[in-house]
Amino acid sequence: MKSYTLFIYSTLLLLATSCELNDFEPAEWAIDPELELSESGMVVSSAAETRSVNVTTNYDAFTVASDQTWCKASADTREKTVNVSIEANESAEQRQAVVTVTIERGAKSLRKDFTIYQIGGSWDMVEGTDIRMRWSNDVTESQKSIIKRQLQQLVFVEGGTFMMGAQNEDSNAPYYDWYACEENPPHQVTLSDFYIGKYEVTQEQWAAVMATSPSLFVGGNKPVENISWYDAQEYVTKLASLTGLDIRMPTSAQWEYAARGGRFSMGYRYAGSDNPDEVAYSVPISTPQESPLFTTSEVGQKKPNELGIYDMSGNVAEMCSDWFGTVSTDDQTDPTGPNSGTYKVSRGGYFDSTQTNVSGCVFYVTSFSYTTRIIEGRPSYCGLRIMMKK
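The following paragraphs examine the structure supplied in this document. Since we're looking at a predicted model, the values are computed, not measured.

Thoughts on the packing of helix 3 (residues 141–152) against helix 4 (residues 203–210)
At step 1: At a minimum axis separation of 10 Å, helix 3 and helix 4 run at an interaxial angle of 135 degrees. On the basis of their axis angle, the class for helix 3 and helix 4 is oblique. Crossing handedness for the pair helix 3 and helix 4: left-handed. Facing helix 3, whose interface residues are Q143, I146, I147, R149 and Q150, helix 4 presents E204, Q205, A208 and V209.
At step 2: A per-class count over the contact of helix 3 with helix 4 returns 4 nonpolar, 3 polar and 2 charged.

Below, the structure is given as structure tokens:
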């Protein structure tokens, strides 16, 4: 028995001494490596900044390396993140860096890359969006601050098909609007994606671009008014020039589609509700013009509509790019209105109840307002909202 036990012991000892220690790995090293990153690429502004990328792996340790000196990367294995420090880009050219994350255990290894694209010094990103702009050479830092905040408030509107317009002949038939007189007949319209302002253009935003303060009801966060269509066109043209973006006034179709709530429309009569008091600012019909209550409101004080857009049924009416004219009954894609005309279209309700016998002048999302034929005049109840193509 002793000899048999000694034989087994000797055999095990021989096996142990004939094997290298590195042939045995802890269990967690022996499994196949897994590695995923939360980002495969990112676009950053020309300014210096830091970014983090989350790492998902079944190993405890990993290494990182960057192929560019202006982009320094470090590994935080405890938090399982890659931290990247990016220097400011003083040139006008875009540049890129590739950061490599590696897991390596003996013969087992796995690598994943993510790429950082940094725009040139004359380009800038709108934070929280995929919009990048190219500043003009004469834009000031004060203008940049106000304009960037304005562009951050753009709302993305996914394109789609809807029935535009209304009829006022049969209250029991579809698309009835008691005030439908110039937007009928209902017709099918298909629109591409676009952005539209969450708020009407404010007096602060207007002054930043135009260096003027034309409004009668003064307040930096109140909508600009007392402007003509030509004034509004000059504003969007200058804003486009300052940013390098295709900024315009919306078409009447874009305005109505956004007011209805786009693809998220709940079919409300007004922009966000069947109750105009919830979504539209206006003064009571008995309010005299000399009263301090006879004024516009700061933007965004009522409930938004289904897309998160404010004041489309009240505060100030909003100018559109279309000429006023006969509405076609044909199906249309991205319509821009008649090729010519005498007047321009504006849409939405407005605060000034003295213009009609309708208390508050808040209209259905299908309605043209009484300021439909504005072009050269400068009414105190008409402003604008910006639009940008996707």
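From this point, the narrative continues.
A look at the packing of helix 3 against helix 5 (residues 229–243)
At step 1: Contact pair helix 3 / helix 5: the axes reach a minimum separation of 12 Å and the direction vectors enclose 105 degrees. Between helix 3 and helix 5, the interaxial angle falls into the category roughly perpendicular. Side by side, helix 3 and helix 5 meet where Q143, I147, Q150 and L151 of the first sit next to Y235, L239, L242 and T243 of the second.

Re the pattern of salt bridges
At step 1: Under the counting rule described, the total for this entry stands at 15 salt bridges.
At step 2: Between E158 and R263 there is a salt bridge whose closest N-O contact spans 3.5 Å. Taken together, the positions of E158 in the loop between strand 11 (154–157) and strand 12 (160–164) and R263 in the loop between helix 6 (252–260) and helix 7 (276–279) put the pair 105 residues apart, joining distant regions of the chain.
At step 3: A salt bridge links R248 to D246; the nearest nitrogen and oxygen atoms lie 2.9 Å apart.
At step 4: Among the residues examined, R248 registers a relative accessible area of 41% and is labelled partly exposed.
At step 5: Overlapping salt bridges, with partners in common, bring together E256, R260 and R347 in one network.

Rules used throughout
Residues numbered from 1 in each chain as written. Predicted model: local features only at pLDDT ≥ 70, side-chain atom pairs only at ≥ 80, totals over all residues. Heavy atoms only, no water. Axes fitted to C-alpha atoms, helices over the stretch in contact; angles between N-to-C directions. Helix = DSSP H or I, 4+ residues; strand = E, 2+ residues; numbered from the N terminus. Parallel < 35°, antiparallel > 145°, perpendicular 65-115°, else oblique. Left-handed = near helix turned anticlockwise from the far one by under 90°. Contact = heavy atoms within 4.5 Å. Nonpolar A, V, L, I, M, F, W, Y, C, P; charged D, E, K, R; others polar. Salt bridge = Lys/Arg side-chain N within 4 Å of Asp/Glu carboxyl O. Buried < 20%, exposed > 50% of the residue type's maximum accessible area, 1.4 Å probe, protein only.

Nothing here speaks to function; it is all geometry.
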